[in-house]
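Here is how the chains run, residue by residue.
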Amino acid sequence: MNDSRASAAANFGYTVHENASLLDRTTFRVPARAATLIDVHEFDAVPRLLEQAGAQNREVLVLGGGSNVLFTRDWPGIVLALRTRGLDIVEQHVPGAPGDAAIVRAAAGETWDDFVHWTLAHGLRGLENLALIPGSVGAAPIQNIGAYGVEVGEFVHAVQAFDRTTNSIVRLDRAACAFAYRDSLFKREAGRYLIAAVDFLLPRERALRLDYDGVREELAAMGATDPDARAVAHAISRVRTRKLPDPVTTGNAGSFFKNPIVAAGVADALRHENAKMPVWPVNDGHAKLSAAWLIEACGLKGFRDGNAGVSSQHALVLINHGNASGAQIWALARHVMDAVQARFGVRLEAEPLIV
Ligand code: EPU
């Protein structure tokens, strides 16, 4: 951060940068600045930092791995970047759990994919299908990250968080987190909770989930005839690497849109006119559509407006070809939403936080 004055309050568990660039802080790699950026290394510093921010009337935005946020402008307040570390098995054998299981606690600032591999190396299962998802552990429950037939909410035992309405540390069990498709209490009450750590209940024995399209084929291509959880994580990582643009080389935030959930009657009518459209039943009254398919059907896969584009690898991913601004990417997103709405009457919803 060569253009910011970093004042080292590291002894207090955080580091302050004034007028700091956020370019390297989000996977979209768009230019934006924070009036104040604070890297938090010890969660204990958070209550005091929030108190000071409140006293100064400054707005606070919390950043994890930056893989699910798009800055369309500078942030005039304080950005708190949670960089806390720590991985522990807090209970080796959980009484009452179905089968042998452990509880693992991970600090919010841990990198998600590293954490997945750490659990697998400790003989714990469950998170293998979620390998290689970008972002931090603390961000995972917020949007209930999911891939290849698994959502993280299934394995969350409890979330430790600072509640800004009561100014206290709270422990929210899985039911309280109210997980749903790409949704949770933390998303619905955005800004209220700062996640400190997540406890996961992970089994030592569990049937592998291989039914999602392409997973078995990838394992076969790897020659894994009797795969274990680590082989599944490897296979999923290979599929993701092939199908999704790499945020390290091309700015993106993974899926930019949620797969829309519509009334079953709406899905039936669309299917009637578009025989090849994928439809997944959600419950009796609702069905999920493929946002990627809808976008591709509008002819927008690979579409580019300046440096903002729709990935030609996967229509659900918006990418920064170079020096796109967040505003340009957001304008492209609205163009995509309008095109899908005009053609199919379905409104797509953005998945990342748009600032
Ligand atoms: N499809 C297209 N065009 C494309 C890509 C896909 O028509 O360019 C259609 C195909 O019919 C395909 C179907 O969409 O069979 C589903 O595609 P995919 O398996 O890639 O899944 P997705 O529904 O598009 C979701 C998640 C991804 C996750 C994959 C795999 C959401 C919003 N996205 O995508 O999550 O990796 O499933 O489980 O639910 C993310 O959230 O950042 C993310 C990448």
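All values derive from a computational prediction rather than experimental measurement.

Caption draft 1: Fine view of the domain arrangement of the protein chain. Here the domain parsing of the protein chain yields domain 1 (3-82), domain 2 (87-203) and domain 3 (251-354). Domain 1 and domain 3 are separated by 31 Å when their C-alpha centres are compared. Listed by partner, the interface residues are 12 residues for domain 1 and 17 residues for domain 3. Taken together, both faces of the contact between domain 1 and domain 3 bury some 1,100 Å²; the carbon and sulfur share is 62%. Considering only the side of domain 1, the residues that lose the most area to domain 3 are F28, N68 and L70, jointly responsible for 53% of the buried surface there. At the boundary of domain 1 with domain 3, the tally comes to 0 salt bridges. Along the contact surface separating domain 1 from domain 3 lie 5 residue pairs in polar contact (both at pLDDT 80 or more).

Caption draft 2: Main features of the pairing of strand β8 (residues 101-107). Within β8, 6 of the 7 residues are buried, which leaves the element mostly enclosed by the surrounding structure. Across 4 bridges, the pairing between strand β7 (residues 87-91) and β8 is antiparallel. From the neighbouring strand, D88 faces β8, where its bridge partner is R105. Across 7 bridges, the pairing between β8 and strand β13 (residues 193-203) is antiparallel. Opposite A107, over in β13, you have A197 as the bridge partner.

Caption draft 3: Up close: the nonpolar core. Judged by nonpolar contacts, the single largest core of 46 residues is most densely connected at F71, F256, F257, I295, L318, I329 and L348. Ranked by residues supplied to this core, first place goes to helix α9 (residues 326-344) with 7 residues. Looking at which domains feed residues into this core, each of domain 1 (3-82) and domain 3 (251-354) gives three or more. In this structure L348 touches F257, K258, P260, A291, L294, I295, V336, M337 and V340, once residues within four positions along its chain are discounted.

Caption draft 4: The site of the ligand, seen in detail. Lining the immediate surroundings of the ligand are 24 residues, of which Y148, R182, Y212, E296 and H314 lie closest. Contact distances for the ligand include 2.8 Å between an oxygen atom and a side-chain N or O atom of N259. A distance of 2.8 Å separates an oxygen atom of the ligand from a polar side-chain atom of K301. For the ligand, whose accessible area on its own is 820 Å², the fraction buried by protein is 83%.

Caption draft 5: Highlighting the environment of V262. Looking at where V262 falls in the secondary structure, it is placed in strand β15 (residues 261-263). In the structure, V262 is positioned 80 residues away from R182 in sequence and 15 Å away in space, judged by C-alpha atoms. Each residue touching V262, except ones within four places of it in the same chain, is listed here: A267, G285, H286, A287, L289 and V346.

Caption draft 6: Representation of the sheet that holds β7. Strand order in this open sheet of 5 strands is β7-β8-β13-β11-β12, and the pairing throughout is antiparallel. Two strands close off the open sheet at either side, each with one partner strand: β7 and β12 (168-173). For this sheet the average axis-to-axis angle between neighbouring strands, irrespective of direction, equals 25°. Here helix α2 (residues 112-121) sits on the sheet in contact with β7, β8 and β13, set at roughly 45° to β7.

About the criteria used
- Residues numbered from 1 in each chain as written.
- Predicted model: local features only at pLDDT ≥ 70, side-chain atom pairs only at ≥ 80, totals over all residues.
- Heavy atoms only, no water.
- Domains from an automatic or database assignment.
- Contact = heavy atoms within 4.5 Å.
- Buried area = accessible area lost by both parts, 1.4 Å probe.
- Salt bridge = Lys/Arg side-chain N within 4 Å of Asp/Glu carboxyl O.
- Polar contact = N/O pair within 3.5 Å; in protein donor to acceptor, adjacent residues only side chain to side chain.
- Buried < 20%, exposed > 50% of the residue type's maximum accessible area, 1.4 Å probe, protein only.
- Helix = DSSP H or I, 4+ residues; strand = E, 2+ residues; numbered from the N terminus.
- Pairing = 2+ DSSP bridges.
- Core = buried A, V, L, I, M, F, W, Y, C linked by side-chain atoms within 4.5 Å.
- Near = heavy atom within 4 Å.
- Areas by Shrake-Rupley, 256 points an atom, 1.4 Å probe, with all protein chains shown as cover.
- Axes fitted to C-alpha atoms, helices over the stretch in contact; angles between N-to-C directions.

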